[in-house]
Number of protein chains: 2
Amino acid sequence: MSLTIKLHVTTSYLNLNLNTSKNTTKVANFKVKLRTKPIYHCDPLLSVVSNNSAMHASAQPGQPAIRSSLIDPDGGALVDLVVPESKKASKALEAESLPKVNLTKVDLEWVHVISEGWASPLRGFMREDQYLQSLHFNSLRSQDGSVVNMSLPIVLAIDDETKERIGSSPNVGLLGPNGDLIGILSSIEIYKHNKEERIARTWGSTAPGLPYVEEAITPAGNWLIGGDLEVLEHIKYNDGLDHYRLSPQQLRKEFDRRQADAVFAFQLRNPVHNGHALLMNDTRRRLLEMGYKNPILLLHPLGGFTKPDDVPLDVRMEQHSKVLEDGVLDPETTIVGIFPSPMHYAGPTEVQWHAKARINAGANFYIVGRDPAGMGHPTEERDLYDPDHGKKVLSMAPGLEKLNILPFRVGEITRCF
Amino acid sequence: MSLTIKLHVTTSYLNLNLNTSKNTTKVANFKVKLRTKPIYHCDPLLSVVSNNSAMHASAQPGQPAIRSSLIDPDGGALVDLVVPESKKASKALEAESLPKVNLTKVDLEWVHVISEGWASPLRGFMREDQYLQSLHFNSLRSQDGSVVNMSLPIVLAIDDETKERIGSSPNVGLLGPNGDLIGILSSIEIYKHNKEERIARTWGSTAPGLPYVEEAITPAGNWLIGGDLEVLEHIKYNDGLDHYRLSPQQLRKEFDRRQADAVFAFQLRNPVHNGHALLMNDTRRRLLEMGYKNPILLLHPLGGFTKPDDVPLDVRMEQHSKVLEDGVLDPETTIVGIFPSPMHYAGPTEVQWHAKARINAGANFYIVGRDPAGMGHPTEERDLYDPDHGKKVLSMAPGLEKLNILPFRVGEITRCF
C-alpha cells in the first residue's frame, strides 16, 4: 500500500537536541546520566511482543492472520543478497579462488547495508552509471522508467595494486577487516575514483575535516569497483548488539505480525531525550486521529561509522533501552533497531538516504527535524548546511513521493520545558 | 510530437577540436585563418530561405500550410516574458517606482535566456525550492508530477545593501549594466547565497580559477533573489549580431515554416571546422536514411559569457558564416543562430542545460561530443571532468528522455584527416 496522505505537523513538536554545540559534544556528558547496568541483552522483538495480545486478536492459532499492507520497497521487491545455506559451501570455495579485495570497517558496513536490502533495488556496489546518477540526480532510473531515490554514492574503492591484482577477472572475493571471507562481487566494473568531484557533489563542500571523507575517502584508492554482491552470511559484529540489528525483512515481518497500518521512523545518532519521546508519542496520537488503527514507531539509531565525538553506539543503545524500560515510550507500539549504515554528515543529501532506507524497512512516515545529518562547518564558524534545507530537499526528492514526511520545529521547546 | 527513436552514431563521427590545449588557446591563432570581411550583416533566416522553394510546395498563397510537429517545449508551452507593446508604458512606470536591483552583464544574459523561454517552464530567477531542486536533482518537478531538466541554478545574487533597500517590497525593478530599465521581478523571495555549496554542487570542484565562478559568483552578493520576470522588450546587444539572436519562438516558427520533421542541434563555443561540418552532414544523411524527409540543422554557437582565452563571438560568427557561404554546410537545411546563455564550463552538469534549452527551441536531436562544456582543471594537470561523463550523464538525465542524443567519438579523426 502506498499511502498518499500528507501530514504536516509543525506546531507542537519538539526537538531537544542535547548536542547544542555540535562538534564539541563529549561522550562523558552522557555517560554520567546513564544506568551502568546494560539492558540491551534482551531480544528487542520478544521483549515488546509478550504483552501485545490486544493487537493480535485476529491472529489466533488456527485462524488466518490479517496481514497489514506495508509500503512497497523501492523497486518492488526487497533485495536479499545472503547466499542460501545450501549454496554457502560452494560459494565460499568460489570466493576463495578469486582475486581478493580487502574491505575496511566502513566498506563492511556498506556490504551489510546492501546485502540486507536497505538500498533496494541496488544489488551491489555501484557501477559507473549508477554512481553518476547518484552524484548528479540523487536518484536511479530503472529500466521500466520508474525512479528510486539514491542520494549517496554507495561505492567500493580499491587502490592501484588491487586493480592490478584483479586483472581481467570478472569476479572478486571480498575479505573483511579481519581477513575473513565475506562474499563475492561479480560482473565487476572498475572506473576512476575522482575524489574531489565525489566529495564536492556529495557534501557541497571540499573543506578539510569532513569526518566521513577523512575516514573513508581520503585514504581510499583511486579506483571504484562496482558489481553484483553476494554475502556468505548475515554480517555480524559480535559486540553484544547484533540482536538489535534487525534487517528490513525482519522489521517488515514484525510490522506485519503486529498488523501495523502505519509505521513512522525516527532516525537518531544521539541519545533519545524526553523531548524526542514526547514528539514520538504525539506523532502516534496524531496518526490515530487520522484514522490509523495501529501506528508503530521504528526508533532507529544509526549504528555504522560516526565521528569520534559522537556518543558511542553501545551507550546510546543502553540509553534507548532505558527510555523504553521507563515507559516513556510504549514498548507495545515501538520497535528499537539499529540502522547499520555509516554516517556521512552530508545534510540534505544524506537525509534522503536515511528516509529511503526506511521505506525499504516498511516505514511510510518519516520524522525529520531541523538540520538532519548536519554538523558545524569544519573550517568556518557556521553550520555546514542551512538547517531548513534538509526537510525542504526531502519533501521534493525524486523517489520519495510515496513517503509521508513529518517535519517538526525546534522553536517550540521553550514552551514545554 | 515526441520522437522516441534512439539513434546511436558512434562509428564515423568526427570531433576535430581546434582547442587541443584547452586552457591556452589564443584568439590570434584563429584570427589569421579568418576572412577579414564580416559577412554576418544579413538576416540568417532570409539568407537561406530564398532558394528554398521545393520545401514549401504546399505553402502557396491561399493554401493552408502543412505544419510540422516539433518537439514540445518543457512544461508544454514556451515561456515568453516580454511585456506586450500595449502594456509597455505602464509597466515601465511601475518598474520605475520600485526598489531597484542592478544587473551585471552576466545577469542580463540570464534575463535574456529566461525571458525568451530557453529555460521553459522557468518564469523568472529561481526561488529557493527551484534552486534546491536544481542543485540536488538537476531537475524540477511540476505540480502535475512531471519532471523537466534544470541542471544549472539560474539565480540572481544581490548584496546586503540591495537587500536592505528592497525591504519588504514584493516586487523590484531591474536595471541593466548601463542603468537602463530592463523589467520587473515580482513576488520575490530572498534567500541565502551559500557560494561554497553552489559551486561545489554545480562544478564538482571548489578549486580557484573556475571562470564563471570568478566572473559571476565570487564577486556577487550573499543573497539570492527569485521571482517572476517580465522584461520591457527583447534584450538586444547592439553589437551587429542581434539578428543572429533568434528566440526559441522565432526558431520554432522557422522550423515549422520549413516543415522540418527533425531538428538536430549542434552546440559550439569554438570556430566550426570541416570535421564538424562533415559530422553535421553525416548526421543529416543518417536522419534521411532513418526516414525523416527534411532534417534541419540548428548550428548554435553560444553567445554569452566565455572565458577570456576563448575565441570572441564576433570572430566565431564570421567564421560560421563563411562555412555556410563556402557551401560546406547547405544553407537550405541549416539555421545559424546565437544561443544567448553564458558559459559555466561545468561539464556534465552544464551539457544538460545546453541540451534542454535546445528542446525549447524545437530540437529533437542533440549532438554531443567528448568532454562537452569541459575544460582543464584550473589547478591540476588533468581534465576537470572525465571526458566520457558528459554524454553518459546526458543519456540518463531526468527530463531529457524525449531528446535523442547523438554521441560521436574523437578517435575516428585520424582515419579521415
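Computed from a predicted structure; not experimentally measured.

> I keep staring at the interface of chain A and chain B and nothing clicks. Help me out?
Think of interface size as the accessible area that goes away when the parts come together; that is how it is often given. Tallying the contact residues gives 36 residues for chain A and 36 residues for chain B. Here chain A meets chain B over a buried area of about 3000 Å², counting both sides, of which 46% is carbon and sulfur. For the chain A face of the interface with chain B, the top three residues by lost area are Phe137, Arg201 and Met396 of chain A, together amounting to 23%. Where chain A touches chain B, the interface holds eight salt bridges. For Glu196 of chain B, the salt bridge identified is with Arg382 of chain A, shortest N-O distance 3.0 Å. The interface formed by chain A and chain B holds 19 residue pairs in polar contact (both at pLDDT 80 or more) in total.

> Which parts of the structure should I look at to understand the sheet that holds strand β11 (residues 365–368) of chain A?
Backbone hydrogen bonds hold the strands of a sheet together, and the pairing may be parallel or antiparallel. Residues and elements named next belong to chain A. Taking strand neighbours across the sheet as the criterion, the five strands line up as β10-β9-β8-β11-β12 in an open arrangement whose pairing is parallel. Two strands in the sheet have a free side with no partner beyond their single neighbour: β10 (334–336) and β12 (404–407). Across the sheet, the axes of successive neighbouring strands diverge by a mean angle of 25 degrees, strand direction being ignored. In terms of strand pairing, strand β8 (residues 262–268) meets strand β9 (residues 295–301) through seven bridges, oriented parallel. Note that in β9 the partner of Ala265 across the bridge is Leu298.

> In this structure, what is going on with the pairing of β11 of chain A? I would like to understand it.
On a regular strand, each side chain points to the face opposite its neighbour's, so the side chains alternate between the two faces of the sheet. All names here are of chain A. Here β11 shows no split at all, with Phe365 and Ile367 on one side and Tyr366 and Val368 on the other all buried. The pairing of β8 with β11 spans three bridges and is parallel. Across the sheet, Ala265 pairs through a bridge with Tyr366, a residue of β11. Inspection of the sheet shows β11 paired to β12 by four bridges, in the parallel sense.

> Looking at this structure, I do not really get the packing of helix α5 (residues 128–137) of chain B against helix α7 (residues 195–203) of chain B. What am I missing?
In a pair of packed helices, the angle between the axes and the distance between the axes together describe the arrangement. All names here are of chain B. For the pair α5 and α7, interaxial distance at closest approach is 9 Å and the crossing angle is 40 degrees. By the criterion of interaxial angle, the relationship of α5 to α7 is oblique. Only Glu197, Arg198, Arg201 and Thr202 of α7 make contact with α5, whose side of the interface consists of Tyr131, Leu135 and His136. Grouping the constituent residues of the contact of α5 with α7 by class yields two nonpolar, two polar and three charged.

> How should unusual backbone geometry be read in this particular structure?
With glycine set apart, most residues show a phi of negative sign, and most peptide bonds adopt trans. Backbone torsion omega between Ser120 of chain A and Pro121 of chain A reads 5 degrees, so that peptide bond is classified as cis. Note that Pro121 of chain A resides in the loop between α4 (105–115) and α5 (128–137). The backbone of Asp371 of chain B sits at a positive phi, close to 55 degrees, despite the residue not being glycine. Structurally, Asp371 of chain B is set in the loop between β11 (365–368) and α13 (389–396).

> I would appreciate a short explanation of the packing of aromatic side chains in the present structure.
Aromatic rings considered in pairs are described by the distance between their centres and by the relative angle of their planes. Here the structure, examined in full by the defined rule, presents 14 aromatic pairs over all chains. Plain terms: the ring middles of Phe339 of chain B and Trp353 of chain B are 6.0 Å apart, the flat faces sit at 35 degrees to each other, and that makes the pair tilted. On the criterion of sequence distance, the pair formed by Phe339 of chain B in the loop between β10 (334–336) and α12 (347–360) and Trp353 of chain B in helix α12 is long-range, its members being 14 residues apart. Accessibility classification places Phe339 of chain B together with Trp353 of chain B in one group, the buried group. An aromatic cluster of at least three residues, connected via ring pairs, comprises Trp110, Trp118, Phe339 and Trp353 of chain A. The ring of Phe339 of chain A carries Arg358 of chain A above its face, with NZ or CZ at 3.9 Å from the centroid.

> Can you walk me through the sheet that holds strand β9 (residues 295–301) of chain B in this structure?
Residues and elements named next belong to chain B. Reading across from one edge, β10-β9-β8-β11-β12 is the order of the five strands in this open sheet, with parallel pairing throughout. Unpaired on one side and paired on the other, β10 and β12 (404–407) mark the two borders of the sheet. Within the sheet, the average angular offset between the axes of one strand and its neighbour, ignoring direction, is 25 degrees. In this fold helix α10 (residues 274–289) packs onto β8 (262–268), β9, β11 and β12, with an angle of close to 165 degrees to the strand it touches most, β8. Sitting on the sheet, α12 is in contact with β8, β9 and β11, with an inclination near 155 degrees to β11.

> I keep staring at a negative patch on the surface and nothing clicks. Help me out?
Residue and element names in this part refer to chain A. A contiguous patch of negative charge on the surface is contributed by Asp159, Asp160, Glu161 and Glu164. Structurally, Glu161 is set in helix α6 (residues 160–166). Residue classification places Glu161 among the exposed positions, given a relative accessible area of 59%.

> I would appreciate a short explanation of the pattern of salt bridges in the present structure.
A side chain with one charge can pair with a side chain of the opposite charge if their charged atoms come near. All names here are of chain B. Taken as a whole, this structure holds 52 salt bridges over all chains when the rule is applied. A salt bridge links Lys322 to Asp326; its shortest N-O distance comes to 2.4 Å. Taking the relative accessible area as the measure of exposure, Lys322 reaches 24% and is therefore partly exposed. Classification of Asp326 by relative accessible area gives partly exposed; the value is 44%.

Rules used throughout
- Residues numbered from 1 in each chain as written.
- Chains lettered and ligands numbered in written order.
- Predicted model: local features only at pLDDT ≥ 70, side-chain atom pairs only at ≥ 80, totals over all residues.
- Heavy atoms only, no water.
- Contact = heavy atoms within 4.5 Å.
- Buried area = accessible area lost by both parts, 1.4 Å probe.
- Salt bridge = Lys/Arg side-chain N within 4 Å of Asp/Glu carboxyl O.
- Polar contact = N/O pair within 3.5 Å; in protein donor to acceptor, adjacent residues only side chain to side chain.
- Pairing = 2+ DSSP bridges.
- Helix = DSSP H or I, 4+ residues; strand = E, 2+ residues; numbered from the N terminus.
- Axes fitted to C-alpha atoms, helices over the stretch in contact; angles between N-to-C directions.
- Buried < 20%, exposed > 50% of the residue type's maximum accessible area, 1.4 Å probe, protein only.
- Parallel < 35°, antiparallel > 145°, perpendicular 65-115°, else oblique.
- Nonpolar A, V, L, I, M, F, W, Y, C, P; charged D, E, K, R; others polar.
- Phe/Tyr/Trp six-rings, centres within 6.5 Å; stacked < 30°, edge-to-face > 60°.
- Lys NZ or Arg CZ within 6 Å of the ring centre and 35° of its normal.
- Patch = residues over 30% accessible without salt bridge, like charges linked within 9 Å, V, L, I, M, F, W, Y side chains within 5 Å.
- Areas by Shrake-Rupley, 256 points an atom, 1.4 Å probe, with all protein chains shown as cover.
- Lys, Arg positive; Asp, Glu negative; His and termini not counted.
- Charge placed at Lys NZ, Arg CZ, Asp CG, Glu CD.

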